[in-house]
Structure formats: C-alpha cells, structure tokens
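Secondary and tertiary structure notes
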Amino acid sequence: MSRPDDPFDTALLRVFSILMTERSISRTATRLNQSQPAVNATLKRLREIFGDPLLTRDHELLVPTERALQLESSVRLVLGELDALLAPGDAFDPATTRQTFRIGTPDYLAPPLIAAVVNYLRTTAPGARLILQPLGAEYDFDTALAEGELDVVIGNWPQPPEHLRTTLLLEDEIVCLIDRDHPAAGDFRLADYLQGAHVLPLLYSTTQRGVVETHLTSQGMTRTPTVTVPYFAMAPHLLPGTDLIFTTSRHFAQHFAAILPLVVVPSPIVFPPMRFYQLWHGRTQHAPGQIWFRSLLSAVVRTASATRHLRTSPQPPLPPLPDPQAAVRG
C-alpha cells in the first residue's frame, strides 16, 4: 500500500549519506553542487523526520549521533537498491549516458595520464561525470566499493586484495628523482641511497605496504624518512636545491623532471616493477556502463604508456573498446 504521509524522497537520503561521509556542511554542498543553506535546510528536515539531531557540531566537524550511526548503513543499502532499480537495464550508450563514474586513487599517477582519461571521457561520453576520490589511511575504500560510493580504485600494492576483481593498468620501472645539482647526480650509488635523506608519502592504506618498503624490508635494508608528505605530487616540489631523494615510478618522475630542475636517475637497488591495478567490486562485474568505463581506463593508460604520451598534445586513437552489451548477454 502507498503511504500518503511518506516523508522521504531520494534527495533527502543522498544528502544524509554524503553528510555522514564528509561530516561538513560546506564539503557536502560542494559535492552536491548546492548552497550551504540548502544543505542546512535538508539537515533540518531530516532531524524533524527522525526526531534526532543526527549530526552535532564539534569545532569544525559534524559528529554523528548514535541514531545517525544506526541509520547510515541502512540508508546506503537503500540508495544502492534504488540505483539498481533505476539503472537502464542492459542498455548503455556512452554518447548519451549521464552516468557518474567514481575513481578512488592517490595522486601517484602523473597528471597527463589522468588528463588523457578525462580527454577521452569528454570526447566519447560528454554527458558523463567523473569524480576522483583521494584515498587515505582513514578512508575505507573496500566498503566504498561494496556500497557504491566508488566504482574503481587504482592501487599499486605488491599484492592487490584477493576478494576484489582486478586488471593490470600499467607496469613501470622504479627510479629515483633528485635535484639536478645533487652531489650524486652523476654517479648515484647504493651508499648514496641508503645513507641519503628521503621524501616519503603517507601510506594510503593501513593494510597494505608499498612496493619500495616491502622490497627494502625483504632485503634487510632501510632508508631515512627525512620528510613525509601527505600527497605524492608534493614530493617533487621539495627536491630542488636540496639533497632529498624521492623513489617513484618512471612515468611520474619523468613528468616532474620535465617541469622542475630535477633529474631521473636509475635506482641503485633493483626493485621489482611497480604495477598499477584497477580494482572493483564483484557487484559491478556485469554492469554495462562499468564494463565500458573499466575498458576505457585500461585502453587509455595502455595507449599513453606504450607511446610515452605524457604531454598535452592531441590524443592518439584508442583501440576498439569491448561491447558492454555483449559482456552482459554473455
């Protein structure tokens, strides 16, 4: 039976879900492309419906009440079911879709690679929207994939999580990035590396260690983390005029060596290659739009890396992408 007094609409639930994630009126308004007064009005309506404050202010953050925490998982489940009901079956046309695609990734891919993805997306799916979600140690990307907050996560762990679906995006050599006037720039040796001062990015997963640290530990080696930064892209900007060393993938290092007074030098330690994967949850394995989007990511990164296409010049043609409808029918 219908309920004429039903107080809910999808917009209320979506605002609640994002408020619980962001814990901030301003950030929620930005994500929803709404004004802060509009989000405040929605929160007021939610409080009236549930008879609970839901989120209370503590300095700059909103802190959820016990009632809000109880509601959170149910709301996300309901939204996931609604999205599934509203999905256009097995029909997907990139030229007309208005689907939103969400990628979770640290900024360890050189900007031109992401720019290439955006270029192809704008060309082939002009009505689609792309959201890039930064990952951090406190962000539960596993749950985000399971609950539909993310579609794809890009990771470079030595062993990607086994319960997620994966494909290899890019395999790259590990090198060192240093100031072009670094004392060891002309002859970078093992002692220079082990005794040097290093810039390290913060871990973006509490359960996974990076390729560099994993390999150094396996070889009984250590390095000195002189400076720790919250973002990968910040590290190269700290190197000019210093003796600092940044260990990273070659495509990332070459991009910054082209725009900063830096040089790329071979690592004196032979690291295994750095592999970048895209990971997704099994619930989207056969979703036509997701099949197309994952194929686009793979094709763009593969084409760009194969041609060393890391500059802002016209994009090379992509190979044909798989037909998502064929994958669903199969």
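Located above this text is the structure these notes cover.
Residues numbered from 1 in each chain as written. Predicted model: local features only at pLDDT ≥ 70, side-chain atom pairs only at ≥ 80, totals over all residues. Heavy atoms only, no water.

**Topic: the sheet that holds strand E5 (residues 152-155)**
The cut-off we apply is this: Being paired, for any two strands, means DSSP has found at least two bridges between them. Runs of E in the DSSP output that reach at least two residues are strands. Runs of H or I that reach at least four are helices, and both are numbered from the N terminus. Axis definition: a line fitted to C-alpha atoms, over the contacting stretch in the case of helices. Angles run 0 to 180 degrees between N-to-C directions.
Spatial ordering of the open sheet is given by E4-E3-E5-E12-E6, a layout of 5 strands whose pairing is mixed. What marks the edges here is a single partner per strand, and that holds for strand E4 (129-133) and strand E6 (165-172). Put simply, the sheet's adjacent strands are angled 20° from each other on average, direction ignored. Of the strand pairs in this sheet, strand E3 (residues 100-104) and E5 are connected by 2 bridges, and their pairing is parallel.

**A look at the pairing of strand E1 (residues 55-58)**
Where E1 meets strand E2 (residues 61-64), 4 bridges bridge the pair, whose relative direction is antiparallel. Directly across from Arg57, in E2, lies its bridge partner Leu62.

**Brief notes about the packing of helix H1 (residues 10-22) against helix H2 (residues 25-32)**
Rules: Angles are sorted into four bins: roughly parallel if under 35 degrees, roughly antiparallel if over 145, roughly perpendicular if 65 to 115, and oblique for all others. Left-handed describes a crossing whose near helix is turned anticlockwise from the far helix through less than a right angle; right-handed describes the clockwise counterpart. Note on contacts: a residue pair is in contact if any heavy atoms of the two residues lie within 4.5 Å.
Relative orientation of the contacting elements H1 and H2 amounts to 130°, with a least axis distance of 9 Å. It follows from the interaxial angle that H1 and H2 lie oblique. In this structure, H1 crosses over H2, and the sense of that crossing is right-handed. Contacts between H1 and H2 involve Val15, Ile18, Leu19, Thr21 and Glu22 on the former and, on the latter, Ile25, Arg27, Thr28, Arg31 and Leu32.

**Describing the packing of aromatic side chains**
Spelled out, the test is: Centre distance within 6.5 Å is the pairing criterion for rings of Phe, Tyr and Trp, where only the six-membered ring of Trp is used; planes under 30 degrees apart are then read as stacked, over 60 as edge-to-face, and the remainder as tilted. Using a 1.4 Å probe on the protein chains alone, a residue whose accessible area is under 20% of its type maximum counts as buried, one over 50% counts as exposed, and one in between counts as partly exposed.
Taken as a whole and assessed by the stated rule, the structure comprises 10 aromatic pairs. Between Phe101 and Phe293, the ring centres sit 4.4 Å apart and the planes meet at 15°, which makes this aromatic pair stacked. Of this pair, Phe101 sits in strand E3 while Phe293 sits in helix H10 (residues 288-306), and the two are 192 residues apart along the sequence. Taking relative accessible area as the criterion, Phe293 reaches 0% and is therefore assigned buried. Seen in terms of ring centroids, Phe141 and Trp157 are 5.4 Å apart; in terms of plane orientation they differ by 20°. Their pairing is stacked. On the criterion of sequence distance, the pair formed by Phe141 in helix H6 (residues 141-146) and Trp157 in the loop between E5 and E6 is long-range, its members being 16 residues apart. Per residue, the accessibility class of Phe141 equals that of Trp157, and both read buried. Taken together, the aromatic side chains of Phe92, Phe101, Trp292 and Phe293 make up a single cluster linked through ring pairs.

**Things to note about the nonpolar core**
Condition: In this description, a nonpolar core means a group of buried Ala, Val, Leu, Ile, Met, Phe, Trp, Tyr and Cys residues linked to one another through side-chain atoms lying within 4.5 Å.
Tyr193, Phe246 and Trp292 are the most contacted members of the largest nonpolar core, which has 54 residues in total. Apart from the residues lying within four places of it in its own chain, the contact partners of Phe246 are Val175, Cys176, Leu177, Val199, Pro201, Phe232, Ala235, Leu239 and Phe252. Of all hydrophobic cores here, the second largest spans 19 residues; its members include Leu19, Ile25, Leu54 and Leu55.

**Re unusual backbone geometry**
For Asn33, which is not glycine, the phi dihedral falls at a positive 55°. Positionally, Asn33 belongs in the loop between H2 and helix H3 (36-50). Backbone geometry at Leu54 places phi at a positive 65°, although glycine is not the residue there. Among the secondary structure elements, Leu54 is positioned in the loop between H3 and E1.

**Some points on the sheet that holds strand E8 (residues 197-201)**
If you trace the 5 strands from one edge of the open sheet to the other, you get E9-E8-E10-E7-E11, paired in mixed fashion. Two strands close off the open sheet at either side, each with one partner strand: strand E9 (224-229) and strand E11 (262-266). Neighbouring strand axes in the sheet, compared pairwise and without regard to direction, differ in orientation by 40° on average. With 2 bridges joining them, E8 and strand E10 (residues 244-249) adopt parallel strand pairing. When the bridges of E10 are listed, Ala197 appears paired with Leu244.

**Observations regarding the environment of Leu132**
Among the structural elements, Leu132 can be located in strand E4. Those residues in contact with Leu132, other than ones at most four positions away along the chain, are Ile103 and Ile114.

**Description of the pattern of salt bridges**
Applied cut-off: A pair is scored as a salt bridge if a Lys or Arg side-chain nitrogen falls within 4 Å of a carboxyl oxygen belonging to Asp or Glu.
Throughout the structure, instances matching the rule amount to 7 salt bridges. The partner of Arg45 in a salt bridge is Glu48, and the shortest N-O contact between them spans 3.6 Å. Of the two residues, Arg45 and Glu48 are both situated in helix H3; the distance of 3 residues between them amounts to about one turn of the helix. Using a relative accessible area of 36% as the deciding quantity, one classes Arg45 as partly exposed. Among the salt bridges present, the one from Glu213 reaches Arg223, with a minimum N-O distance of 2.7 Å. With Glu213 in helix H8 (residues 211-218) and Arg223 in the loop between H8 and E9, the pair connects residues that are 10 residues apart, well separated along the chain. On the basis of relative accessible area, Glu213 is assigned to the partly exposed category, the value being 23%. By sharing partners, the salt bridges in this structure join Glu22, Arg27 and Arg31 into a single network.

**Notes on helix H5 (residues 111-124)**
Two residues of an α-helix separated by three or four positions point the same way, owing to the 3.6 residues in each turn. Spelled out, the test is: To estimate the expected span of a helix, count its residues, drop one, and scale the result by 1.5 Å.
Taking 1.5 Å as the rise per residue, H5 with 14 residues should run 20 Å; its terminal C-alpha atoms sit 20 Å apart, in good agreement. Among all positions of H5, only Pro112, Leu113, Ile114, Ala116, Val117, Tyr120 and Leu121 are buried.

These figures come from the coordinates and say nothing about function on their own.
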